[in-house]
Amino acid sequence: MKKYIKKPQAKLFSSPFVNGFTDIETENSNLIIGSSEENEELFDVSYPEYIKIICEIDYKSEFPDVTISAGYKITGDGESKLMKYKIYDGSAVSMERIVSEISIKFFDFSNNYNNSSWKNDLLADPIIYQKVFRLQNASRRIDNFLDSSMDQSGIFHTKTHAHYFGGSYFKGIKLSDIQPCLFCLGTGLQGKEYIKLFSAKEVLQNSTTRLSPEIERSDL
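In this text the structure is predicted, and so the values were computed from the model without any measurement.

## Considerations on the side chain of threonine 158
Step number 1: Topologically, threonine 158 is positioned in strand β14 (residues 158-160).
Step number 2: Reaching out from threonine 158, the side chain makes a polar contact with the side chain of asparagine 144 at a distance of 3.4 Å.
Step number 3: Beyond its immediate sequence surroundings of up to four residues, threonine 158 is in contact with Tyr72, Asn144, Phe145, Leu146, Asp147, Leu185, Gly186, Thr187 and Tyr194.

Below you can see the structure in the form of structure tokens.
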């Protein structure tokens, strides 16, 4: 008997599954290689319809040396100012959980399944899924606008659109929660400059945060 389970899917890179895909379970870190239809019982242990494998996650935290800036005024007749941040050097925001790339690597088969030929192929080229997160690769000045969520009583509160920053990852996170992160610049209380990071989920759920025109909501 088969039960269809709809899950996120990702293309495979490694032999012998280069024409297949993986299902990423939303409640844990299991990857299922093969068909999207799971058998509740496996009748053929030599060639099952799906295989559970043990994986490990590798990541890179490699970022360019760039400066992002935005112009603003604190009051209507005030002088023009420019806020600037070297966004990836760790001085303005913590880079502890920010990554530029993740890879899911084959480690072994689960459930006592053993196929030495497949295992050797996978160990020779163990990366079965790879995600490279979009970064800010060049210094640039970005536009800002009045922050409608704050009271503009005599002092302008501004913020920029949300732009790509990197990826969010830490040991123990569920695969389904690994996602892009974005940033914006702004001026808060008393016109104080700030830089803020958001997860993609936060941006999609927060109507007060505007995406940069170069980012499609579907990309998140």
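## Here we look at the pattern of salt bridges
Any two side chains of opposite charge can pair, so long as their charged atoms come close to each other.
Step number 1: In the structure shown here, the tally under the stated rule is 4 salt bridges.
Step number 2: Across the pair lysine 86 and aspartate 65 runs a salt bridge, and its minimum N-O distance is 3.1 Å. Of this pair, lysine 86 sits in strand β8 (residues 81-86) while aspartate 65 is found in the loop between β6 (50-60) and β7 (67-72), placing the two residues 21 residues apart along the sequence.
Step number 3: Across the pair lysine 159 and aspartate 147 runs a salt bridge whose closest N-O atoms are separated by 3.6 Å.

## Overview of the nonpolar core
Step number 1: Core analysis: the largest hydrophobic core is formed by 18 residues, its most contacted members being Ile87, Tyr88, Phe165, Phe183, Leu185 and Ile195.
Step number 2: Contributions of two or more residues to this core are made by β7, β8 and β16 (179-187).
Step number 3: Counting residues in each nonpolar core, the second largest holds 15 residues, with Val99, Ile102, Ile104 and Ile128 among its members.

## Some points on the environment of lysine 81
Step number 1: As for its position among the elements, lysine 81 is in strand β8.
Step number 2: Given a relative accessible area of 35%, lysine 81 falls into the partly exposed group.
Step number 3: Between the alpha carbons of lysine 81 and alanine 70 there is a distance of 8.5 Å; along the sequence they are 11 residues apart.
Step number 4: Not counting the four nearest positions on each side in its chain, lysine 81 is found in contact with Ala70, Gly71, Tyr72 and Ile74.

## Let's talk about the confidence of the model for the chain
Step number 1: Of all residues in the chain, 77% have pLDDT values of 70 or greater, and the mean over the chain is 81.
Step number 2: The spread of mean pLDDT over the elements of the chain runs between strand β1 (residues 2-4), the lowest at 44, and strand β9 (residues 98-99), the highest at 97.
Step number 3: Low pLDDT, under 50, characterises residues 1-12; the predicted model gives this stretch 41 contacts beyond four residues in sequence or across chains.
Step number 4: When the criterion is pLDDT under 50, residues 14-20 qualifies, and its contacts beyond four places in sequence or with other chains add up to 19 contacts.

Reading the values: the criteria
- Residue positions within a chain follow its written sequence, with the count starting from 1.
- Side-chain atom pairs in this predicted model are given and counted only at pLDDT of 80 or more, local residue features only at pLDDT of at least 70, and totals for whole chains, interfaces and linings cover all residues.
- Working from all heavy atoms in the structure, the side-chain values ignore hydrogens and water.
- Only DSSP runs of H or I covering at least 4 residues are called helices, and only runs of E covering at least 2 are called strands; the numbering of each starts at the N terminus.
- In the analysis that follows, any N or O atom pair within 3.5 Å is treated as a polar contact, provided that within protein one partner can donate a hydrogen and the other can accept it, and provided that, for residues neighboring in sequence, both atoms belong to side chains.
- Any two residues whose heavy atoms approach within 4.5 Å are treated as being in contact.
- Throughout this description, the term salt bridge denotes a Lys or Arg side-chain nitrogen within 4 Å of a carboxyl oxygen of Asp or Glu.
- Buried Ala, Val, Leu, Ile, Met, Phe, Trp, Tyr and Cys residues that are joined via side-chain atoms within 4.5 Å together make up what is termed a nonpolar core.
- Using a 1.4 Å probe on the protein chains alone, a residue whose accessible area is under 20% of its type maximum counts as buried, one over 50% counts as exposed, and one in between counts as partly exposed.
- Confidence scores labelled pLDDT are given residue by residue by the predictor and lie between 0 and 100.

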